[in-house]
Amino acid sequence: MYRILIAEDEKTVRDGVANFLSRKCPDFEVAGTAADGEEALQKARLLLPEVIITDIAMPKMNGLDFLEHITHLLPDTRLVVLSGYDRFEYAREAIRLGVRQYLLKPLDTRQLLALLNEFKVELDAEKRRWRQLGRTSGAERTMAEQAREVYYREAILSGTGSEEPGQLYVCALGRGE
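Student: Looking at this structure, I do not really get the overall build of the chain. What am I missing?
Tutor: When its secondary structure is counted, the chain shows 6 helices and 5 strands. Moving toward the C terminus, one meets the helices and strands of the chain in the order β-α-β-α-β-α-β-α-β-α-α. Buried residues in the chain amount to 38% of all 177 residues. If you take every contact in the chain between residues at least 6 apart in sequence, the share linking residues at least 24 apart comes to 61%. Split by element, the accessible area of the chain, about 10,300 Å² in all, is 51% carbon and sulfur.

Shown next, in the form of structure tokens:
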């Protein structure tokens, strides 16, 4: 099962999309939701979702700024924008940041389901490649493991591993054979 994070400031839209995906997408789990960009960034760091669906206009940190952070933190995450704005500048910037699809509100659920089906095919293929690599080299790693490694490496090097001022927590992950 693959994880989805939904970042949307409108509660009815956020909950509606989450409920729809929970009913119609058995291969995906709505691992978390966020009402603004800052909350979404925190949750993305913890959940390491394979798919993020985000709005553009959100409080605290807008969707484009959020996407800018995510492309560095989780470069393999599939990104989708769900927005009420059909402005070309937003779409162009979103595509520059690696967004795979720019969906307009009201949401065309068939389009979202088709997109998630494409993502599932891609993610399954990646998983098979990692398994094949693991059989040949003993180095099988999931995308989540890779993302955790990047996150903790950045936390260690930048000294931003905790939320509390003056505190630095470091976590070392290992895999024994």
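Student: Help me understand the environment of Gly63 in this model?
Tutor: Structurally, Gly63 can be placed in helix H3 (residues 63-73). Distance in space between the C-alpha atoms of Gly63 and Ala94 is 9.0 Å, their sequence separation being 31 residues. Filtering out sequence-adjacent residues up to four positions away, Gly63 remains in contact with Thr54, Asp55, Ile56 and Met58.

Student: Help me understand the sheet that holds strand E2 (residues 28-34), please; the structure alone is not making it clear to me.
Tutor: Two pairing modes exist for strands in a sheet, parallel and antiparallel, and in both the strands are linked by backbone hydrogen bonds. With parallel pairing, the 5 strands of this open sheet are ordered in space as E2-E1-E3-E4-E5. Here the strands that pair on one side only, and so sit at the sheet edges, are E2 and strand E5 (99-104). Taking the axes of each pair of neighbouring strands and ignoring which way they run, one obtains an average angle of 20° across the sheet. Where strand E4 (residues 78-83) meets E5, 5 bridges bridge the pair, whose relative direction is parallel. Directly across from Leu79, in E5, lies its bridge partner Val99.

Student: When you look at a positive patch on the surface in this model, what are you seeing that I'm missing?
Tutor: A cluster of basic residues, Lys127, Arg128, Arg129 and Arg131, forms a positive patch at the surface. Among the secondary structure elements, Arg129 is positioned in helix H5 (residues 109-137).

Student: Hey, could you run me through the nonpolar core in this one?
Tutor: Generally speaking, a soluble globular protein has its nonpolar side chains buried in company with each other. Residues Ile52, Phe66, Leu67, Ile70, Leu74 and Val81 are the most contacted members of the largest nonpolar core, which totals 26 residues. For this core, the secondary structure elements donating two or more residues are strand E1 (2-7), helix H2 (37-47), H3, E4, helix H4 (88-96), E5 and helix H6 (143-158). Those residues in contact with Ile52 that lie beyond four places of it in its chain are Leu5, Ala44, Phe66, Ile70, Thr77, Arg78, Leu79 and Val80. By size, the runner-up hydrophobic cluster in this structure holds 19 residues, among which are Tyr2, Val51, Leu103 and Leu112.

Thresholds applied
- Starting afresh in each chain, residues are numbered from 1 along the sequence in its written order.
- Since the coordinates come from a predicted model, pLDDT governs what is reported: local features require at least 70, and pairs of side-chain atoms require 80 or more to be given and counted, while whole-chain, interface and lining totals use all residues.
- In computing side-chain properties, one takes all heavy atoms of the structure into account and sets aside hydrogens as well as water.
- Numbering goes from the N terminus for both helices and strands, where a helix is a DSSP run of H or I of at least four residues and a strand is a run of E of at least two.
- Partly exposed describes any residue whose relative accessible area lies between the buried limit of under 20% and the exposed limit of over 50%, with all areas from a 1.4 Å probe on protein chains only and scaled to the type maximum.
- By definition in these notes, contact holds between two residues if any of their heavy atoms fall within 4.5 Å.
- Values of accessible area rely on a 1.4 Å probe in the Shrake-Rupley scheme; residue burial ignores everything except the protein chains shown.
- A pair of strands is labelled paired if DSSP reports no fewer than 2 bridges between them.
- Angular values range over 0 to 180 degrees, each being the angle between N-to-C directions of two axes fitted as lines to C-alpha atoms, with helices fitted over their stretch in contact.
- What makes a patch is a set of residues exposed beyond 30% relative accessible area and free of salt bridges, joined within 9 Å when like-charged and within 5 Å when nonpolar (Val, Leu, Ile, Met, Phe, Trp, Tyr).
- By salt bridge we mean one thing: a side-chain nitrogen of Lys or Arg within 4 Å of a carboxyl oxygen of Asp or Glu.
- For the charge count, each Lys or Arg is scored as positive and each Asp or Glu as negative, with His and the chain ends excluded.
- Charge positions are represented by NZ for Lys, CZ for Arg, CG for Asp and CD for Glu.
- Definition of nonpolar core: a set of buried residues of the types Ala, Val, Leu, Ile, Met, Phe, Trp, Tyr and Cys, connected through side-chain atoms within 4.5 Å.

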